[in-house]
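Report on the structure
Single-letter residue listing:
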Amino acid sequence: MSRRSLRAAGALAVALAAAPIPARAQAFTPPDGVGAVTLAWQYVDNTGHRLTDGTFRASGQSVTTSGLLEVEYGVTDRLAATLGIPYVFAKYTGKEPPLSGQPVDFCRCWQSGFADFSASVRYRFGDDAWAVTPVVRLGQPSHAYPYKGEAVVGKQLTEAQVGVAAGLRLLSRINLQGSYTYAFVEKALDEISVNRSNVVAGVGYGVNRRLHVHAAWLWQHTHGGLRLGSPTGDPFFPPGEINTPERRAAADQIRMVRWMQVAGGLSFDAGPVDLFASYTKYVWGRDAHNGQVFGAGVTWYFGLPE
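Residue positions within a chain follow its written sequence, with the count starting from 1. Residues qualify for local features only when their pLDDT is at least 70, as the model is predicted, and side-chain atom pairs are given and counted only at 80 or more; totals for whole chains, interfaces and linings, by contrast, use all residues. Hydrogens and water molecules were not included; the side-chain quantities draw on all heavy atoms of the structure.

Glancing now at a nonpolar patch on the surface. On the surface, a cluster of nonpolar side chains totalling about 940 Å² of accessible area is made up of Tyr-123, Phe-125, Trp-130, Val-132, Val-164, Leu-168, Leu-170, Leu-171, Leu-176, Tyr-180 and Val-203. Put simply, DSSP H or I for four residues or longer makes a helix, DSSP E for two residues or longer makes a strand, and each gets a number counted from the N terminus. Residue assignment for the nonpolar patch shows that the elements contributing at least two residues are β8 (130-141), β9 (159-170) and β10 (174-185). At three residues, β9 tops the list of elements feeding residues into the nonpolar patch. Along the polypeptide, Leu-170 turns up in strand β9. Residue Leu-170 is classed as partly exposed on the basis of its relative accessible area of 33%. Two joining distances apply to patches: 9 Å for like charges and 5 Å for nonpolar side chains (Val, Leu, Ile, Met, Phe, Trp, Tyr), and every residue must have over 30% relative accessible area and no salt bridge. Residue burial considers only the protein chains on display, and all accessible areas are found by Shrake-Rupley using a 1.4 Å probe. What counts as a salt bridge is simple: a side-chain nitrogen of Lys or Arg found within 4 Å of a carboxyl oxygen of Asp or Glu. When accessible area is computed with a 1.4 Å probe and restricted to protein chains, residues below 20% of their type maximum are described as buried, those above 50% as exposed, and intermediate ones as partly exposed.

The following block contains the structure:
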């Protein structure tokens with residue numbers, strides 16, 4: 001894979017990783033001995049919640065900002081490994097008392113800490129023009145951080161993901177990628193399963209040798225979980241099934257979250273590094289947050305041929 005092709009694939013990977021979900025699965029892998037170090041920043045503006053019938057309620061707002069360090073390495077021309085960990089700051093900003101009832105939300109102060117380690121391996125079938133790539137990923141809490149509340153650094157749940165990504169290059173400038181991932185998630189409460197499916201589809205275009213633009217569509221469905229209810233009372237009024245102190249404290253861990261998002265951005269080849277920026281908008285949701293995400297960062301490649 002040429003330096004230009006590797007960076008074109010990496011540009012679209014930025015769009016596929018734009019949303020605040022552990023669903024990244026890039027189809028193309030780096031050559032043997034080639035790696036990348038990415039330092040990314042993300043700001044998540046949660047403007048409220050979408051209830052069970054889709055009604056938007058401007059309550060329970062929060063903001064989250066984080067820095068991600070990720071290292072990827074081509075073990076062979078087809079096998080790649082990735083390690084990453086974010087450091088997260090979170091703050092409850094809603095004016096009304098928080099549904100969680102937790103002191104970390106009532107104080108409306110910043111909570112911070114390392115969140116979950118992520119480790120993945122991908123194996124690519126195909127060539128420089130197309131790829132089908134199975135992926136296996138493990139997410140593991142980095143330490144026993146506080147997880148009960150609306151504005152915390154993470155969910156404190158171990159999960160294993162399996163999935164497949166596919167990619168296609170057209171006319172040397174167009175890069176199409178998509179992925180499906182299924183996550184087996186540790187249960188926060190013994191009787192409630194929150195395994196989930198994530199689908200991502202993206203397109204990238206090389207404006208010239210240095211500038212790439214990209215767009216992506218992202219979808220999540222939780223298989224299980226509990227519902228917040230609806231203002232109409234169908235199937236029940238809020239707080240729905242989040243109806244005990246224990247469930248309210250763990251609401252972000254146990255909701256039947258479903259959403260759809262769109263993302264776009266650009267990347268620029270600045271010589272030894274790539275610079276990138278992205279924007280993601282929540283466009284549909286059920287029992288989910290509503291809002292938007294801003295992202296930016298830099299990727300440095302090592303081991304590339306001169």
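Here we take up the layout of surface pockets. There is about 270 Å³ of room inside the largest pocket. Looking at the lining of the largest pocket residue by residue, the classes come out as nine nonpolar, three polar and five charged. Of the grid points, spaced at 1 Å and generated over the protein atoms alone, those admitting a 1.4 Å probe that cannot get out make up cavities, while open sets with protein on both sides within 12 Å along at least five of seven lines make up pockets; any residue with an atom within 4 Å of a point is treated as lining. Grid points are joined across faces, edges and corners, and a volume is the space filled by probe spheres set on the points. Put simply, Ala, Val, Leu, Ile, Met, Phe, Trp, Tyr, Cys and Pro go in the nonpolar bin, Asp, Glu, Lys and Arg in the charged bin, and everything else, Gly too, in the polar bin.

Turning to the nonpolar core, a few remarks are in order. If you look at the biggest cluster of nonpolar residues, it comprises 12 residues: Leu-51, Leu-157, Ala-183, Val-185, Leu-189, Ile-192, Val-194, Leu-226, Leu-228, Ile-242, Ala-251 and Ile-254. When contributions to this core are tallied by element, the ones reaching two or more residues are β10 and α4 (251-254). Residues contacting Val-185, with those up to four places away along its chain left out, are Leu-157, Thr-158, Glu-159, Val-194, Asn-195 and Arg-196. Buried Ala, Val, Leu, Ile, Met, Phe, Trp, Tyr and Cys residues form a nonpolar core when they are joined through side-chain atoms within 4.5 Å. Counting seven residues, the second largest nonpolar core, distinct from the first, contains Leu-218, Val-257, Trp-259 and Ala-288. For this analysis, residues touch if any pair of their heavy atoms sits within 4.5 Å.

Attention now goes to the packing of aromatic side chains. Geometry of an aromatic ring pair is reported as the spacing of the ring centres plus the angle between the planes. Each aromatic pair joins two rings of Phe, Tyr and Trp (for Trp, the six-membered one) with centres within 6.5 Å, and gets the label stacked for planes under 30 degrees apart, edge-to-face for over 60, and tilted for any other angle. In total, this model carries eight aromatic pairs according to the counting rule given. Aromatic pair Trp-41 and Tyr-43: ring centres 6.4 Å apart, planes at 25 degrees, arrangement stacked. In this structure Tyr-43 comes out as partly exposed when scored by relative accessible area, which is 28%. Summarising the aromatic geometry, the rings of Tyr-73 and Phe-302 are spaced 6.3 Å apart at their centres and angled 15 degrees between planes, so their arrangement reads as stacked.

This next bit is on unusual backbone geometry. Residues Asp-234 and Pro-235 are joined by a peptide bond in cis, for which omega reads 5 degrees. Relative to the helices and strands, Pro-235 resides in the loop between β12 (211-224) and α3 (245-249). Put simply, Pro-238 and Pro-239 share a cis peptide bond, and its omega is 10 degrees. Mapped onto the elements, Pro-239 comes out in the loop between β12 and α3. Look at Leu-171: it is not a glycine, yet its phi comes out positive at around 55 degrees. Relative to the helices and strands, Leu-171 is located in the loop between β9 and β10.

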